[in-house]
Amino acid sequence: MMKILVAGGAGYIGSVLIRQLLEKGYTVTVFDNLSLGGDAIIDLLSHKKFQLVHGDIRNKKQIRTALKNIDCVVNLAALVGEPSCNKDPKETNDINYIGARNLCDLSKSLGIKRFIQISTCSNYGISDTRHPATEDSPLYSNSIYSTTKIAAEKYVLKQATPDFCVTVLRLATAYGISPRMRFDTLVNEFVRDAFVNKKIVIYQPHTWRSFVHVWDIAKAIILCLHTSTDKVNGHVFNIVNKNYQKQELVDFVKQYIPGCKTERIETNTQIRDYNVSSIKAKKTLGFKATISLKQGMKEVLRALEVGIFKNPNDLRYINTN
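My aim in this report is to walk through the structure given alongside it, one point at a time.

Analysis parameters
- All residue numbers refer to position in the chain's written sequence, counted from 1.
- Only residues with pLDDT of 70 or above have their local features reported here, since the model is predicted, and side-chain atom pairs are shown and tallied only from 80 upward, although totals for entire chains, interfaces and linings are computed over all residues.
- To obtain the side-chain values, all non-hydrogen atoms of the structure were included, while hydrogens and water were left out.
- Take the buried Ala, Val, Leu, Ile, Met, Phe, Trp, Tyr and Cys residues and link them wherever side-chain atoms come within 4.5 Å; each set so joined is a nonpolar core.
- Exposure classes here rest on a 1.4 Å probe applied to the protein chains alone. A residue is buried below 20% of its type maximum, exposed above 50%, and partly exposed in between.
- By definition, residues are in contact when any of their heavy atoms lie within 4.5 Å.
- Paired strands, as defined in this entry, are two strands with at least two bridges between them according to DSSP.
- Counting from the N terminus, the helices are the DSSP runs of H or I reaching at least four residues and the strands are the DSSP runs of E reaching at least two.
- Only the stretch in contact is used when a helix axis is fitted, and all axes are lines through C-alpha atoms; the angle between N-to-C directions ranges over 0 to 180 degrees.
- In this scheme, a helix's expected span is set at 1.5 Å multiplied by one less than its residue total.
- In the sections that follow, a salt bridge refers to a side-chain nitrogen of Lys or Arg positioned within 4 Å of a carboxyl oxygen of Asp or Glu.

Once that is clear, we can look at the nonpolar core. One finds Leu-169 and Ile-239 to be the most contacted residues of the largest nonpolar core, which totals 73 residues. Setting aside chain neighbours within four positions, we find Leu-169 in contact with Ile-116, Gln-117, Ile-118, Ser-119, Thr-120, Ala-220, Ile-221, Cys-224, Phe-237, Ile-239 and Leu-285. Ranked by size, the runner-up nonpolar core spans 29 residues in total, among them Phe-31, Ala-100, Phe-115 and Tyr-155.

Moving on, we get to the sheet that holds strand β6 (residues 165–171). A sheet is described by the order of its strands in space; here 7 strands give the open sequence β3-β2-β1-β4-β5-β6-β10, paired in parallel fashion. Strands at the two margins of the open sheet, each flanked by one partner only, are β3 (50–54) and β10 (235–239). Within the sheet, the average angular offset between the axes of one strand and its neighbour, ignoring direction, is 20°. Both β6 and β10 contribute to a ladder of 5 bridges, which runs parallel. Across the sheet, the residue bridging to Thr-167 is His-235, located in β10.

A separate point is helix α7 (residues 214–226). Between the first and last C-alpha of α7 there are 19 Å, a value that for 13 residues agrees with the 18 Å anticipated at 1.5 Å per step. Within α7 the residues assigned to the buried category are Val-214, Asp-216, Ile-217, Ala-218, Ala-220, Ile-221, Ile-222, Cys-224 and Leu-225.

Quick look at unusual backbone geometry now. Phi at Asn-69 is positive, roughly 65°, even though this residue is not glycine. As for its position among the elements, Asn-69 is in the loop between α2 (60–66) and β4 (72–75). One non-glycine residue, Gln-204, lies in the positive phi region at around 45°. Looking at Gln-204, the relative accessible area reads 13%, which means it is buried.

This part is about the pattern of salt bridges. Under the criterion given, the structure shown has 11 salt bridges. Among the ionic pairs, Asp-94 bridges to Lys-90, the shortest N-O distance being 2.8 Å. With Asp-94 and Lys-90 both in helix α4 (residues 89–109) and 4 residues apart, this pair spans about one turn of that helix. Classification of Lys-90 by relative accessible area gives exposed; the value is 58%. Among the salt bridges present, the one from Glu-263 reaches Lys-199, with a minimum N-O distance of 3.0 Å. Separated by 64 residues along the polypeptide, Glu-263 in strand β12 (residues 261–265) and Lys-199 in strand β8 (residues 199–203) bring together distant segments of the chain. On the accessibility criterion, Glu-263 (32% relative accessible area) is partly exposed.

Structure, rendered in C-alpha cells:
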C-alpha cells in the first residue's frame, strides 16, 4: 500500500479523506499548519499508520521533512472561499499558488510518483449554463480564490512526466457532515440558517452551482489513486454529483424545515453561475456519487436537531484564520 501525504489533512475534506485512506490500509501523513485547529484528527494520533507533521506549505524545509518516504501527495492545503481569500490576497496567493508550486516541485525532485492537486469548479466562474462545462471548457476567474487555483492547476500540470503523474480534481461545492465541520458551504449554510434563524438569505437565486458530498469527494480521490497513471497523468477531472439552481436548494430545505422565511437578493455583482459535467470522471475513474444533496441536507439537519453543534454560528465552523 502506498504511503500518502495529505497536505491540509485536518480540514473539512481532508479529515474525511484520511479516515477513508486509513480504513483501506494506507499509511497516512497529514501536513497541516493547524490554523483552524486539530480537533478533527486528535483521535487518530495513536493510530499506528497515521502521522501528523505540523508545518506550512510555504516553508520548503518543512515540506521536505514531511515528504520523507512518501509515495503520493494529495494537496488540499488552501485558503478556501471568497471571504477568507479576500481578507489577504497576498497570503491567498502565497498559500494557494506558491505553496502548491513548492509542494509539487519538491515532490518531483524527491522522486514521488503521484501528485493530486485539488482544485475547484469555481474556476468555471460564469459560463453558459445551457451546456454543462467539461474539463476542456474555458476557465473564467472572478475572484482571488479562483485566480490562484487556476494558476496552481496550470503550473502543476506542466510538471507531469512519465515518472511523475500529476492529476487535477476540480471539486463541486461540498456538503455534508465532516469531523472538521463547515457551515459556510452553501448547502450546509442554508440548512443551518433555516434551523437556527428560521430564515434563508439567498443571493441571485436563479444562478447555478454544482454539488457533491464530502464523503464522495474522498472516494473520488482514492479512485484516482487506484487508476493507472496512463489514464490520469496530465488530466483534469470534474468531481460532481448534480447541478442545481440556488432556489432549488431553498425549496429542498423548506421540505424539511417548513415555515422558514426566504429573503431573495438580486445584485449587480458578478456571482458564479455554472453547471458542470462529470462524465469524464465516471468513464475514467469509475466515479459515481452515492450521497444525494437531499440526504446531505437531512444528515446536517439531524446533527443540528440532536445538538451535536452547540453553537453552529461559531466561527470555528467557517474557513477563516
